Amino acid sequence: MTRNIFILLFCLFSFTGYTQQLSGNITDLEGKPIPFANIFIKELATGTTSNIDGQYHLDLPEGEWQLHYRYMGYKTKEVKVTMGQNNMEMDVALAPQTYQLKEVTVLASGEDPAYFVMRKAVAMGDYYTKQISDYTNKVYLKGSGKITSVPRLLKKKLAKEDITVGKVFVTENISKIHFQLPNKIEEEVISIRSSGLDDQVNPMQLISLNLYNTRENGFISPLDKAAFTVYKFQLVSLFEDQGRTINQIKVIPKRKGKDLLEGFIYIAETFWNIHSADLKLKLPMTHVHMHQIYAPVAKDVWMPVSLDYKIKFKGMGFGLEGMYVASIKDYEVTLNPDLDHDYLKQEELARKQETEDINKLSNTEESKVLSAKEIKRKADIQTLLEKPDMKNSDMRKLARLMEKENSKNKKEKVKEPLEIKIEKVKIAKGAKTKDSLYWVEMRPIPLSNDEKISFVQKDSIVKVKNTPEYKDSVRRANREFKFDHLLWGKTYTYKESNSRLSTPGLLAFDKVSYNTVQGFTFDAPFSYSKSDTLGHYFETRSDLSYAFSREHLDFTVGSKYRYNGMKRASLGFKAGSKAVDFNEDSGIKPLLNMAYSLFYKENHIKLYDKNYISLWHKTDLANGLHLNTRLEYANRKQLYNNSKFYFAGPKDNKYSSNTPEGVNPELVRDSKALTFTAQLDYTPRHRYTVKKGVKRMTSYHSQPTFSLLYKQGIKDIFESETDFSFLEASVKQEFTMGFNDRLAYSLKAGSFLSNKQTYFADYRQFATSKPVFMLGTDMNTFRLLDYYQHATNKEYAEAHIQYTSDRFLLKRLPILNNALVIQEKVFLNYLTHAGKKNYWEAGYGLSQIFLLLDLEVFWSFDGKQHKETGLKIKFNI
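The numbers attached to residues start from 1 for each chain and follow its sequence in the written order. Given that this is a predicted model, residues contribute local features only at a pLDDT of at least 70 and side-chain atom pairs are listed and counted only at 80 or more, while totals for whole chains, interfaces and linings are drawn from all residues. Think of the side-chain values as coming from all heavy atoms in the structure, minus any hydrogens and water.

1. Looking at the overall build of the chain
In step 1: Each helix is a run of H or I in the DSSP string that is no shorter than four residues. Each strand is a run of E no shorter than two, and both are numbered from the N terminus. Of regular secondary structure, the chain possesses 16 helices and 40 strands.
In step 2: Within the span of the chain, comprising 877 residues, buried residues form 48% of the whole.
In step 3: Relative to all contacts within the chain whose residues are 6 or more apart in sequence, the contacts with residues 24 or more apart total 62%.
In step 4: Each accessible area is a Shrake-Rupley estimate made with a 1.4 Å probe; only the visible protein chains count as cover when residues are assessed. Carbon and sulfur atoms make up 55% of the accessible area of the chain, which amounts to about 44,200 Å² in all. Note on exposure labels: buried denotes an accessible area under 20% of the residue type's maximum, exposed denotes more than 50%, and partly exposed covers the range between, all computed with a 1.4 Å probe on protein chains only. Contacts were defined at the residue level, with two residues in contact if any of their heavy atoms lie within 4.5 Å.

And the structure:
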């Protein structure tokens, strides 16, 4: 996990070289280096970026070129360079940007002129998002960072993986990117190297960050249509750059939150496109400061040419400071043929104060084929663009008109494909084996001294690791038995055969449990698995469990085989003996029961002995339609308490009987049962991914899932005594409301269609967690309902609703306003059946306190009568 964190923090961008090199230093007027400044040549649609010390180099062909040196806060400097056949050095000093106040007519309302600018920019967002239908570029990415702290308990273990305080990691890659609307991305990694991280890349995460639409990234952009509800804007100044007047807009969040940015965004006057951005984002444990610089890569087409990110991570004992810089060049763009690009022409003419009537600029031939509605829409768009006092309502109207205009030529909307294609990164042959001479020639951003040292150290380590002797020693170490494997357990991996073997450890304390029936128990699980690239998978498991007070050895053994990965089709069996909770599917967690037993003398769990064999099969009948069937025979025997051990607890508390309170003892006596179970689940348009021949359904989606569960007790076969038919119908769904708010619900209704003979193990049980402390329960759990007492063999209905919000009630208070991680939840649970009419619970909670705690308060009611109030502390482990 640790290594994955650093891999995630160091993914970025690419470059290609020419024959002559221009190099030098970029500084301010006082000689201080300007890191990550952009150098761009419009004629070649190419450029580079300076390193942290302000050093740069750029390969150019022979000829005369106009270079633009830029960085936020400094004037763009245009320099004409004549390249011959020799390398050339040129240092450049940038002067501070000269700002001026904008001459505006202040509205009677006193509104800051920034709102006018931002309304225009937001309204034009749909156009600029779709302006280019296709582009290619080359990207150079370099990420460097230093580990500032590691958890004390993990220092030795991490040191073995070369993760130490002060360690510098560097990764760089050169990639070729091809993008097509709406979101098709093809990426070819030309070369890649790393000084300590795995050679994994995904530069498009940052390159494709679209400030017009950032909701998928988890935050609200200042250019989002909802920006005016969460941001304040202030016009700081304006300046001239490359023939355009640029508005510097200060972005001020109206509230604190992990979904909001702050800083500055620069918008070009009359064209209303992004010129650059200087924004900060505060996430849990992570602060991000990003700069984006845009440049004209074609006429009226501005695209990102330089990106740099500073990231500080501090949490869970880990600390990391990183810098990422990307230089993007060699743009080839195609204007979207389905869009009307005349708005930019008309705005340019207006900016130059041409006296011609704007209406005469319309293409008269085109007008002949336009409908009256389209002509009116074009006129309305132009009127709104020229409006000098645009309000929020005008902005929303203009945004809607632009969206309609930009989609008018599209074909009828095609349904989104069900398969989510995993964007495969094509790795060019030899991309990972390029030597240092190649990188010296091809790298557009020079390395700093720390980065050079990091690569030298990595190269020396790689030489050792690539020797046959070292590889053999690693292979032996992964397979050889050692004494500590006996103590702590071990998973042996055999890559050649795609198989794994796991064995337990004698000191694996997570395998120890306690209950009053068994006393202390120790589990010893073994497993073996094997897979292939065609989607087949085989696994066999066995589990030995010894109960010390009961003096009894339980065992289970089972196997499963996935024979069709694309249909998610598997079959298997399981057999053995074990002590089972009467609420086998959703009962109290053994760890929580152990804690309450040993420290409070409260033995909530009730068990019976189950000697059984079951056969099962599951498969997809169609996409989103899944059938799971099981045939099981069980010899069920009553169990009694065998232990009264505890560490502490109230003097008056005594352990209760193993027979659930209020349950007829006849229902828990010895019995034999043969049962058949079938469950059919259907999720409309359930999307999926395919990897190595295995279809995997997306875990989060907004579609409802409908389920039918049928269970039949079969009498007289193998002396089976059960005789009943049970049917349950349910639906569940979770979807986003607003930005980060979510609503989830689950509705269930069921009935025993026939009920000639049932035992308590056959009853419909309900998930509940009555104690104050809880462990990771799901939304279908009642909080104040007693264990077992409300199980039923009659008809019933239950419902659960959960609303999650970043800002609902208490998060609006100043004391919690800065709590970035904490979320608020509102709950409603309902149950009714013959023995419990119209029981319901309402609750409110704060979740993710310190990232692992939830604090909840609940009220329960029987009909209109208040029954109980309870405080809940949930550990999300």
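2. Here we look at empty space enclosed by the protein
In step 1: Using only the protein atoms, space was sampled on a 1 Å grid; points where a 1.4 Å probe fits but cannot get out form cavities, open sets with protein on both sides within 12 Å along at least five of seven lines form pockets, and lining residues are those with an atom within 4 Å of a point. Grid points are joined across faces, edges and corners, and a volume is the space filled by probe spheres set on the points. What the rule picks out here adds up to six cavities of 30 Å³ or more.
In step 2: Of the volumes computed, that of the largest cavity is approximately 100 Å³.
In step 3: Going through the elements one at a time, β12 (231-241) and β15 (274-283) are the ones with two or more residues in the lining of the largest cavity.
In step 4: Of the residues in the lining of the largest cavity, the class split is seven nonpolar, five polar and two charged. Just so you know the grouping, Ala, Val, Leu, Ile, Met, Phe, Trp, Tyr, Cys and Pro go in nonpolar, Asp, Glu, Lys and Arg go in charged, and all remaining residues, Gly too, go in polar.

3. Observations concerning the side chain of T722
In step 1: Among the secondary structure elements, T722 is positioned in the loop between β32 (705-714) and β33 (723-737).
In step 2: With relative accessibility at 0%, the residue T722 sits in the buried group.
In step 3: The term polar contact refers here to a pair of N or O atoms within 3.5 Å; inside protein, the definition further demands a hydrogen-donor-capable atom paired with an acceptor-capable atom, and it admits residues adjacent in sequence only when both atoms are side-chain atoms. A polar contact is formed between the side chain of T722 and the side chain of S720, at a distance of 3.4 Å.
In step 4: Those residues within four positions of T722 in sequence are excluded, and the remaining contacts are R636, K672, A673, L674, T675, G713, I714, K715, Q757, Y759 and D762.

4. Here we look at a nonpolar patch on the surface
In step 1: A surface patch of nonpolar side chains, amounting to about 1,000 Å² of accessible area, comprises F526, L544, Y546, F548, L553, F555, V557, F573, I613, L615, L631 and F676.
In step 2: Those elements that place two or more of their residues in the nonpolar patch are β24 (537-547), β25 (552-564) and β27 (607-622).
In step 3: Structurally, L615 is set in strand β27.
In step 4: Its relative accessible area of 49% is what places L615 among the partly exposed residues. Nonpolar side chains (Val, Leu, Ile, Met, Phe, Trp, Tyr) are joined into patches within 5 Å and like charges within 9 Å, using only residues with over 30% relative accessible area and no salt bridge. Each salt bridge in this description consists of a side-chain nitrogen of Lys or Arg and a carboxyl oxygen of Asp or Glu lying within 4 Å of one another.

5. Topic: helix α15 (residues 590-600)
In an α-helix there are 3.6 residues to a turn, and that puts residues three or four apart on one side.
In step 1: Residues of α15 that are buried: L592, N593, M594, Y596, S597 and L598.
In step 2: Buried-residue contacts for α15 involve β22 (512-515), β23 (519-531) and β35 (773-775).
In step 3: K601 occupies a position one or two residues after α15 and carries a positive phi of about 55°.

6. Points about the sheet that holds strand β14 (residues 261-268)
In step 1: Each pair of strands is called paired provided DSSP finds at least two bridges between the two strands. Strand order in this open sheet of eleven strands is β12-β13-β14-β15-β16-β17-β18-β9-β10-β11-β19, and the pairing throughout is mixed. This sheet does not close on itself; its edge strands, each paired only once, are β12 and β19 (425-427). Recorded for the sheet is a direction-independent mean angle of 20° between the axes of neighbouring strands.
In step 2: For strand β11 (residues 184-194) and β19, the ladder comprises three bridges, and the chain directions are parallel. Bridge assignment links E187 to a residue of β19, and that residue is V425.
In step 3: Note on method: axes are straight lines fitted to C-alpha atoms, helices fitted across the in-contact stretch only, with angles between N-to-C directions ranging 0 to 180 degrees. Packed on one face of the sheet, helix α2 (residues 114-123) meets β12, β13 (244-253) and β14 and runs near 85° to β12.

7. Here we look at the sheet that holds strand β2 (residues 38-41)
In step 1: On the basis of which strands lie adjacent, the open sheet formed by four strands has the order β3-β2-β5-β6 and antiparallel pairing. Pairing within the sheet leaves two strands with one partner each, and these edge strands are β3 (46-49) and β6 (77-83). Across the sheet, the mean angle separating the axes of adjacent strands is 25° when strand polarity is ignored.
In step 2: Sheet topology note: the β2/strand β5 (residues 63-70) ladder contains three bridges and is antiparallel. In the sheet register, N38 faces β5, and the bridge partner there is R70.

8. A short note on the pattern of salt bridges
In step 1: Applying the stated criterion across every chain, the model contains 28 salt bridges.
In step 2: One salt bridge connects K610 with E584, and the closest N-O pair in it is separated by 3.4 Å. Of this pair, K610 sits in strand β27 while E584 sits in the loop between β26 (569-581) and α15, placing them 26 residues apart in sequence.
In step 3: Residues R764 and E798 are paired through a salt bridge, measuring 2.9 Å at the closest nitrogen-oxygen approach. Here E798 lies in strand β36 (residues 796-805) and R764 lies in the loop between β34 (741-757) and β35, a separation of 34 residues in the sequence.
In step 4: Among the residues examined, R764 registers a relative accessible area of 14% and is labelled buried.
In step 5: The buried category is assigned to E798, whose relative accessible area is 5%.

9. Some words on the side chain of S860
In step 1: Along the polypeptide, S860 turns up in strand β39 (residues 853-862).
In step 2: Among the residues examined, S860 registers a relative accessible area of 0% and is labelled buried.
In step 3: Apart from the residues within four sequence positions on either side, S860 is in contact with L784, Y839, W840, E841, Q865, H866, K867 and E868.

10. Remarks on the packing of aromatic side chains
In step 1: Two rings belonging to Phe, Tyr or Trp (six-membered ring only in the last case) form a pair when the distance between their centres is within 6.5 Å. Interplanar angles under 30 degrees mark stacking, angles over 60 mark edge-to-face geometry, and anything in between is tilted. By the definition in use, this model includes 33 aromatic pairs.
In step 2: Relative to F233, the ring of F228 lies with its centre 5.5 Å away and its plane at 65°, an arrangement referred to as edge-to-face.
In step 3: A relative accessible area of 9% places F228 in the buried class.
In step 4: Look at F233 and you get buried, because its relative accessible area is 3%.
In step 5: Ring geometry for F726 versus Y796: centroids 6.4 Å apart, planes at 10°, classification stacked. Taken together, the positions of F726 in strand β33 and Y796 in strand β36 put the pair 70 residues apart, joining distant regions of the chain.
In step 6: Taking the relative accessible area as the measure of exposure, F726 reaches 7% and is therefore buried.
In step 7: Overall, Y796 belongs to the buried group, its relative accessible area being 5%.

11. Here we look at the pairing of strand β10 (residues 168-180)
Two faces belong to every sheet, and in a regular strand the side chains alternate between them.
In step 1: Within β10, ten of the 13 residues are buried, which leaves it mostly tucked inside the rest of the structure.
In step 2: Judged from the 13 bridges that link them, strand β9 (residues 132-149) and β10 form a sheet pairing that is antiparallel. Across the sheet, the residue bridging to Y140 is I174, located in β10.
In step 3: Of the pairings in the sheet, the one linking β10 to β11 comprises ten bridges and is antiparallel in character. Pairing of S175 across the sheet is with V189, part of β11.

12. Observations concerning unusual backbone geometry
In step 1: At Q242, a residue that is not glycine, the phi angle is positive and equals roughly 50°.
In step 2: Summarising the element assignment, Q242 is placed in the loop between β12 and β13.
In step 3: We classify Q242 as partly exposed; its relative accessible area is 25%.
In step 4: At R568, a position not held by glycine, the phi torsion is positive, near 50°.
In step 5: Here R568 lies in the loop between β25 and β26.

13. Observations regarding the confidence of the model for the chain
In step 1: The pLDDT value expresses, per residue, how confident the predictor is, ranging between 0 and 100. Per-residue confidence for the chain gives a mean pLDDT of 83, with 82% of residues at or over 70.
In step 2: In this model, residues 349-370 is a region of pLDDT below 50 whose contacts with residues beyond four sequence positions or in other chains number 15 contacts.

14. Points about the pairing of β6
In step 1: Two strands pair when backbone bridges link them, and β5 and β6 are joined in this way by seven bridges, in the antiparallel orientation. Bridge assignment links H68 to a residue of β6, and that residue is E78.
In step 2: Linkage of β5 to β6, two consecutive antiparallel strands, is achieved through a turn of six residues, within which G73 is found at a positive phi near 95°.

15. Quick look at the nonpolar core
In step 1: Counting 93 residues, the largest nonpolar core has L22, L67, Y69, L223, Y231 and F233 as its most contacted members.
In step 2: Buried Ala, Val, Leu, Ile, Met, Phe, Trp, Tyr and Cys residues form a nonpolar core when they are joined through side-chain atoms within 4.5 Å. In this structure, Y596, L639, Y763 and L775 belong to the second largest nonpolar core, which totals 20 residues.

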